[in-house]
Amino acid sequence: MSSEQDWKDTIKTAILLAKQDTRVTAEKTVAILYTMADKFLQGSDLEEIKEVVAMTRLGQMLYDDGLKAGKSEGRIEGSDRMASLTKKLLEADRMADLQLALDDPGYREKLMDEYGIK
């Protein structure tokens, strides 16, 4: 290939062709093409390829997996933050504040800021 633009156009065309087929082999081909794009393209060209891939079943599966992992991490992080706040409020004998923190998300965040819980 003579330029990055040629790479982009070739990969994009190949992905669009592979998307027309519903077999697993076609999905694997799209994955390989995306890997090539990641290696040979940068910036807006890579973003354009990402958009084309995102329209595929594989792209949706990757998105769904990332979303699921993010939600799981968020739950753990939120639980850890609430446990830290509960511990601090119990140690400070601030039961009324603990009850308010359970009922009012805004107040909960204010208390977390007060105790430096990130």
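What counts and how
- Residues numbered from 1 in each chain as written.
- Predicted model: local features only at pLDDT ≥ 70, side-chain atom pairs only at ≥ 80, totals over all residues.
- Heavy atoms only, no water.
- Salt bridge = Lys/Arg side-chain N within 4 Å of Asp/Glu carboxyl O.
- Helix = DSSP H or I, 4+ residues; strand = E, 2+ residues; numbered from the N terminus.
- Buried < 20%, exposed > 50% of the residue type's maximum accessible area, 1.4 Å probe, protein only.
- Phe/Tyr/Trp six-rings, centres within 6.5 Å; stacked < 30°, edge-to-face > 60°.
- Lys NZ or Arg CZ within 6 Å of the ring centre and 35° of its normal.
- Core = buried A, V, L, I, M, F, W, Y, C linked by side-chain atoms within 4.5 Å.
- Contact = heavy atoms within 4.5 Å.

Visitor: Honestly, the pattern of salt bridges in this entry has me stumped. Any pointers?
Guide: For side chains of opposite charge, pairing can occur when their charged atoms come near one another. Under the counting rule described, the total for this entry stands at seven salt bridges. When the shortest N-O distance is used, the salt bridge between Lys12 and Glu48 registers 2.6 Å. You can see Lys12 sitting in helix H1 (residues 4-19) and its partner Glu48 sitting in helix H3 (residues 43-54), a full 36 residues away along the chain. Measuring nitrogen to oxygen at the nearest pair gives 2.6 Å for the salt bridge that ties Arg94 to Glu114. Of this pair, Arg94 sits in the loop between helix H4 (57-91) and helix H5 (95-103) while Glu114 sits in helix H6 (residues 105-114), and the two are 20 residues apart along the sequence. Taking relative accessible area as the criterion, Glu114 reaches 47% and is therefore assigned partly exposed. One salt-bridge network, held together by shared partners, links Lys8, Lys12 and Glu48.

Visitor: What am I meant to see in the packing of aromatic side chains here?
Guide: Taken as a whole and judged by the stated rule, the model has one aromatic pair. Geometrically, the ring pair formed by Trp7 and Phe40 is stacked, given 4.2 Å between the ring centres and 5 degrees between the ring planes. Of this pair, Trp7 sits in helix H1 while Phe40 sits in helix H2 (residues 24-40), and the two are 33 residues apart along the sequence. We note Lys39 situated over the ring of Phe40; from NZ or CZ to the ring centre the distance is 5.8 Å.

Visitor: Help me out: how do you make sense of the nonpolar core in this one?
Guide: Nonpolar side chains in soluble globular proteins tend to be buried together. If you look at the biggest cluster of nonpolar residues, it comprises twelve residues: Ile11, Ile15, Ala18, Val30, Leu33, Ala37, Leu41, Leu46, Ile49, Val52, Val53 and Leu58. The set of elements that each furnish at least two residues to this core consists of H1, H2 and H3. It is H3 that provides the largest number of residues to this core, a total of four residues. Excluding residues that lie within four positions of it along the chain, Leu46 makes contacts with Ala37, Asp38 and Leu41. Counting residues in each nonpolar core, the second largest holds eight residues, with Leu85, Leu89, Leu98 and Ala101 among its members.

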